[in-house]
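Examination of the molecular architecture
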Amino acid sequence: MKYRIEKDTLGEVRVPIDKYWGAQTERSRNNFKIGEAASMPKEIIYGFAYLKKAAAYTNCDLKILTEEKRDCIAMVCNEILEGKLDDQFPLVIWQTGSGTQSNMNVNEVIANRVQFIKGLKIGINQFINANDDVNKSQSSNDTFPTAMHIAGYKVLTEVTIPSIEKLRDTLHTKAIEFNTIVKIGRTHMMDATPITLGQEISGYVAQLNYGLKALKNSLPHLSEIALGGTAVGTGLNTPKGYAVKVAHYIAEFTGHPFITAENKFEALAAHDAIIESHGALKQLAVSLNKIVNDIRMLSSGPRSGINEIFIPENEPGSSIMPGKINPTQCEALTMVCAQVIGNDVAITVGGMQGHYELNVFKPLIASNFLQSARLLGDACLSFDLHCAQGIEPNHTRIKELLDNSLMLVTALNPKIGYYKSAEIAQTAHKNGTTLKYEAVRLGYVTPEDFDNWVKPTDMV
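A brief report on the enclosed structure follows. Only a predicted model underlies this, so the values are computations on that prediction, with no experimental measurement involved.

The rules behind the values
Residues numbered from 1 in each chain as written. Predicted model: local features only at pLDDT ≥ 70, side-chain atom pairs only at ≥ 80, totals over all residues. Heavy atoms only, no water. Phe/Tyr/Trp six-rings, centres within 6.5 Å; stacked < 30°, edge-to-face > 60°. Buried < 20%, exposed > 50% of the residue type's maximum accessible area, 1.4 Å probe, protein only. Lys NZ or Arg CZ within 6 Å of the ring centre and 35° of its normal. Helix = DSSP H or I, 4+ residues; strand = E, 2+ residues; numbered from the N terminus. Salt bridge = Lys/Arg side-chain N within 4 Å of Asp/Glu carboxyl O. Patch = residues over 30% accessible without salt bridge, like charges linked within 9 Å, V, L, I, M, F, W, Y side chains within 5 Å. Areas by Shrake-Rupley, 256 points an atom, 1.4 Å probe, with all protein chains shown as cover. Axes fitted to C-alpha atoms, helices over the stretch in contact; angles between N-to-C directions. Parallel < 35°, antiparallel > 145°, perpendicular 65-115°, else oblique. Left-handed = near helix turned anticlockwise from the far one by under 90°. Contact = heavy atoms within 4.5 Å. Nonpolar A, V, L, I, M, F, W, Y, C, P; charged D, E, K, R; others polar.

Before going further, it helps to spend a moment on the packing of aromatic side chains. For the structure shown, the criterion picks out seven aromatic pairs. Centre to centre, the rings of Y418 and Y419 are 5.5 Å apart; their planes meet at 80°, and the pair counts as edge-to-face. Since its relative accessible area comes to 70%, Y419 is described here as exposed. Through successive ring pairs, a cluster of aromatic residues spans Y57, Y249 and F253. One residue, R70, lies across the ring of Y57, its end atom 4.9 Å from the ring centre. We note K118 situated over the ring of F127; from NZ or CZ to the ring centre the distance is 4.7 Å.

So, in structure tokens, the structure goes:
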């Protein structure tokens with residue numbers, strides 16, 4: 001491999017000659033060979049591109065950067081956002097907790113790419129400088145949390161929320177469609193009084209609605225950005241009006257309502273906005289896990305399980321048992337839920353690492369948050385398409401289980417009392433007979449009374 005020599009404040013560094021990154025990126029690449037290469041989420045890199053472009057426009061408006069440099073920086077930022085430079089960001093998340101080297105990675109790539117486009121030598125700052133121009137009015141301490149919020153907000157609103165809403169809408173349609181199908185309810189995994197299949201599914205819809213509400217309620221805090229706080233939140237080395245103006249540009253470029261954080265000290269030292277949003281993602285993961293496990297059990301069998309609903313048969317389920325079909329979409333989504341809940345632990349611990357004026361677990365928090373948001377979105381979309389839309393009731397099995405249930409005896413409570421009703425149910429269970437047979441045999445009701453009083457459709 002051929003190299004060029006670049007310099008930073010610590011001296012000379014050999015950098016691969018075909019790469020746009022510079023000395024600080026190369027140092028980090030060699031010092032943190034931890035985990036998979038290029039593991040910094042692309043959403044974070046794109047978040048940086050938005051904010052670097054916005055900073056260039058703001059600095060130009062405030063007369064501290066030329067229009068030529070602004071346009072050059074913006075041009076390369078657009079290339080980054082188009083995915084043309086994805087291979088230029090090799091750093092892992094396991095680096096400095098402020099994400100300083102990722103900030104410099106973006107600065108160096110932008111500066112050297114500008115040099116290349118203008119026909120100048122890469123690594124020699126003849127026209128534009130990574131620190132003095134691309135990073136003007138910025139610090140890693142306010143750019144990285146800004147990139148986190150941009151990335152997180154975009155994924156939540158563009159991927160996660162729409163996907164969960166799509167699944168919610170499908171389940172809502174099923175709840176209406178199945179609202180007259182009476183089935184046996186279950187509590188403690190045991191038979192209970194009747195419920196309609198639609199009522200059962202409506203509970204799932206409500207869970208998702210509450211989770212979506214919690215997630216959307218977290219967006220205003222997430223829309224506040226730290227840019228303008230620089231090193232410790234004081235805004236040192238920024239021109240007057242910078243923080244508000246740069247947030248305006250970020251909102252314009254992203255199409256999302258970003259505003260400058262009311263308190264930059266909080267924005268740098270804590271990540272409570274992300275903790276709050278991920279708490280809502282965890283809530284949704286808990287809800288989805290319950291919903292999907294219900295669907296898995298309701299469709300179990302087909303001969304030996306509950307088998308009250310049919311779900312789509314997507315692929316063979318066994319390499320040894322011919323004809324076996326498994327609830328694979330349920331399994332995939334519940335694994336995603338487990339991952340999200342695990343990520344919440346890591347994010348919570350990361351959020352606790354705000355020491356004085358800076359939180360130093362930023363890359364960890366960002367990576368786990370983005371993974372959760374995208375996984376939930378993708379998994380809900382997959383589950384909706386390959387499972388939820390195809391759910392159908394097994395009318396024969398539903399009626400069989402309903403008619404055979406002992407808990408229909410609950411309808412007799414107001415007529416003959418709890419203890420006589422319990423005796424009927426326990427005797428029927430012991431003898432393997434029906435409720436009606438034992439109720440009449442014990443002399444507690446007439447056949448006509450039983451038929452009039454025990455009507456599953458009246459019990460829902």
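Right, let's talk about the side chain of R397 for a bit. Inspection of the secondary structure puts R397 in helix α14 (residues 395–403). Looking at R397, the relative accessible area reads 18%, which means it is buried.

Another aspect to go through is the pattern of salt bridges. Pairing between side chains of opposite charge can happen when their charged atoms approach one another. Within this structure, the stated rule accounts for 24 salt bridges. The closest approach of N and O atoms between K290 and D294, which form a salt bridge, is 2.6 Å. Pair noted here: K290 and D294 are both in helix α11 (residues 272–298), with a separation of four residues, about one helical turn. Classification of K290 as partly exposed rests on a relative accessible area of 38%. On the basis of relative accessible area, D294 is assigned to the buried category, the value being 18%. Two residues, D403 and K399, come together in a salt bridge whose shortest N-O distance is 2.6 Å. Of this pair, D403 and K399 both sit in helix α14, separated by four residues, roughly a single helical turn. Of the residues examined, D403 reaches a relative accessible area of 46% and is grouped as partly exposed. Salt bridges sharing partners connect three or more residues here, namely K183, R186, E200 and E308.

There is a patch of nonpolar side chains on the surface, built from M75, F116 and I117 and spanning about 260 Å² of accessible area. You can see I117 is positioned in helix α4 (residues 100–117). Accessibility expressed as a relative area gives 35% for I117, which makes it partly exposed.

It is worth spelling out the packing of α11 against helix α13 (residues 362–386) at this point. At a minimum axis distance of 11 Å, the contact between α11 and α13 shows a crossing angle of 30°. Classified by the interaxial angle, the pair formed by α11 and α13 is roughly parallel. Relative to α13, α11 is oriented so that their crossing is left-handed. From α11, I274, S277, H278, L281, L284, L288, V292 and I295 reach across to α13, where they touch I365, N368, F369, S372, A373, L376, C380 and F383. Taken together, the residues that form the contact of α11 with α13 break down as twelve nonpolar, four polar and no charged.

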